[in-house]
Amino acid sequence: MRVAGKNRGSGESLGVPRRFVQRLVLIIIVLLAARTWFIEGLFSSYRVTSGSMAEALRGPHFDVTCRECGFRFACGSDIKPLRRRAICPNCAAENDLAGRPIAPGDRMIVLKSAYTFAGPRRWQVVAFRDPQQATRLLVKRVVGLPGETIRLLDGNVYVDGRIARKTLAQQRALAVLVHDARFGSRWKAEGGWTQRNGVFRHTAAPGESNGNVAWLVYRHQRRALGELVESPVLNELGYNQFDQRSEMLAAVADLMLSMRIASARGPGGLLIRAENGQSRFEVQLVPGERRYVVREDNQVIASGVCPDPATSEQGLMVELSLFDRQFLLALDGRTTVARPYAAAEGRQPVPQPVAIGAPGLEVMLRDLRVYRDAYYLCPVAAGRLQAGERPIPLGPNEYFVLGDNSAVSVDSRNWTNGPSVSGDLILGRPFILAWARQ
């Protein structure tokens, strides 16, 4: 008996048409070419190896969950922590680092086509070849653009003699978390205030008025010589656990309060007070009348319509900041007031910079967080004051860049061959792979 079979040399193999095989091979070739051109040509992947851009980008670090408040933070391992202990930036408790493994630095990708048609903007993070060693890749934040004159003073950036102010989105990107009330609390409740698990409630009390307010007060504390002491907010970073020199520490008046009004009932108003050591700002939100009023030293400087907290399931988001010598108020993510203010020299930030009152109002607040602005130090070592308080002019294709972690970053402030980065050295814009963080 003869069984008819297909001739394997006739163009088909194991029952698979030759045309299908050809197309499959073509698809594989195209995919390999696309990987080489698109993935490797447009994107590059890198591992962060230092903490100069912390907290935005973390190098090798210890991953710590505070034994007291449960707050999770990263402690850099590239600079040896003092006494193998890490002080929680949220509650100032000491945490033992002995036996903890070192987590690798963040994984990031660099989009090489980000600046093909236009250069980077101020406050953006860029990846570039090291001006002092071209084989190395560096990542910093752009603060000075071509043709500008840059100066650093009191932690701020000045452009052509004027302070560089940030939008709300830019403030959020650079803000350093000082305290999150969900993990323990530095807020002292008075009068009708109660707090539990990061939720604060106020019950309207008889006789309470704008002239007789029970305040919920933020009291900042830090650990000094093993003891908790009340202190203004300093330019400290939880990532840095080394012994910082006194010239590296400075009081910071540029603070931000973020919170949600979960519910509000009654004829009264919510008062939010913020002080910078010189002026006192007060916001009055009256939910029942859907209005707000802003005062600086008891003088009305702005007013407008306030959204009703009841219209959102999440409540009303309130953000108030004093960054960059500017008062900013945002409601539900929209900037409603942005007003510059003058700041005299020698102002002294206070340990109790923020307070909340609610005369005549039953209110519930959640997600209370206090932030500070980035604070850029000037180099103090002899011979390195190249880009400190003196103005630095930039050429037509030059950028001035700084690391977010000013205490450890080597950048435009202290490079030996000049402060600027040529636009020709910029490779692209880095993005952190958040899902890859451990």
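What counts and how
Residues numbered from 1 in each chain as written. Predicted model: local features only at pLDDT ≥ 70, side-chain atom pairs only at ≥ 80, totals over all residues. Heavy atoms only, no water. Helix = DSSP H or I, 4+ residues; strand = E, 2+ residues; numbered from the N terminus. Polar contact = N/O pair within 3.5 Å; in protein donor to acceptor, adjacent residues only side chain to side chain. Salt bridge = Lys/Arg side-chain N within 4 Å of Asp/Glu carboxyl O. Buried < 20%, exposed > 50% of the residue type's maximum accessible area, 1.4 Å probe, protein only. Pairing = 2+ DSSP bridges. Axes fitted to C-alpha atoms, helices over the stretch in contact; angles between N-to-C directions.

A. Broad picture of the environment of Arg100. With respect to the helices and strands, the residue Arg100 is situated in the loop between strand E7 (94-96) and strand E8 (102-103). Distance from Arg100 to Val64, taken between C-alpha atoms, is 8.6 Å for residues 36 residues apart in sequence. Here Asp63 takes part through its backbone oxygen, which lies 3.5 Å from a polar atom of the side chain of Arg100.

B. View of the pattern of salt bridges. Counting across every chain of the model gives 20 salt bridges. Its salt-bridge partner being Glu275, residue Arg273 comes within 3.8 Å of it at the nearest N-O pair. For Arg273, a relative accessible area of 15% corresponds to the buried category.

C. Just unusual backbone geometry, in detail. Residue Ala54 is joined to Glu55 through a cis peptide bond whose omega torsion reads 10°. Tracing the backbone shows Glu55 in the loop between strand E3 (43-47) and strand E4 (61-65). Unusually for a residue other than glycine, Trp123 sits at a positive phi of about 75°. If you trace the backbone, Trp123 turns up in the loop between strand E9 (107-111) and strand E10 (125-130). Judged by relative accessible area, Trp123 falls into the buried class, the value being 6%. Despite not being glycine, Asp160 shows a phi value in the positive range, around 50°. Following the sequence through the fold, Asp160 ends up in the loop between strand E13 (156-159) and strand E14 (162-163).

D. Spatial organisation of the sheet that holds strand E34 (residues 420-422). Pairing within the open sheet is antiparallel, and its seven strands lie in the order E3-E9-E35-E10-E11-E33-E34. The open sheet has two edge strands, E3 and E34, and neither has a second partner. Within the sheet, the average angular offset between the axes of one strand and its neighbour, ignoring direction, is 50°. By the bridge criterion, three bridges tie strand E33 (residues 398-402) to E34 in an arrangement that is antiparallel. Across the sheet, residue Tyr399 finds its bridge partner in E34, namely Val421.

E. Main features of the pairing of strand E28 (residues 326-331). In terms of burial, E28 is largely enclosed, as six of its six residues are buried. Covered by surrounding structure in E28 are Gln326, Leu328 and Ala330 together with Phe327, Leu329 and Leu331, the residues of both alternating faces. Taken together, the four bridges between strand E27 (residues 316-321) and E28 define a ladder with antiparallel strand orientation. Each bridged residue has a counterpart across the sheet, and for Leu320 the counterpart in E28 is Leu329. Joining the antiparallel neighbours E27 and E28 is a turn of four residues, in which Asp324 adopts a positive phi near 55°. Note: E28 against strand E29 (residues 334-340), six bridges, orientation antiparallel. By the bridge assignment, Leu328 is partnered in E29 with Ala338. The hairpin formed by E28 and E29 contains two residues between the paired strands, and Asp332 there has a positive phi angle of roughly 55°.

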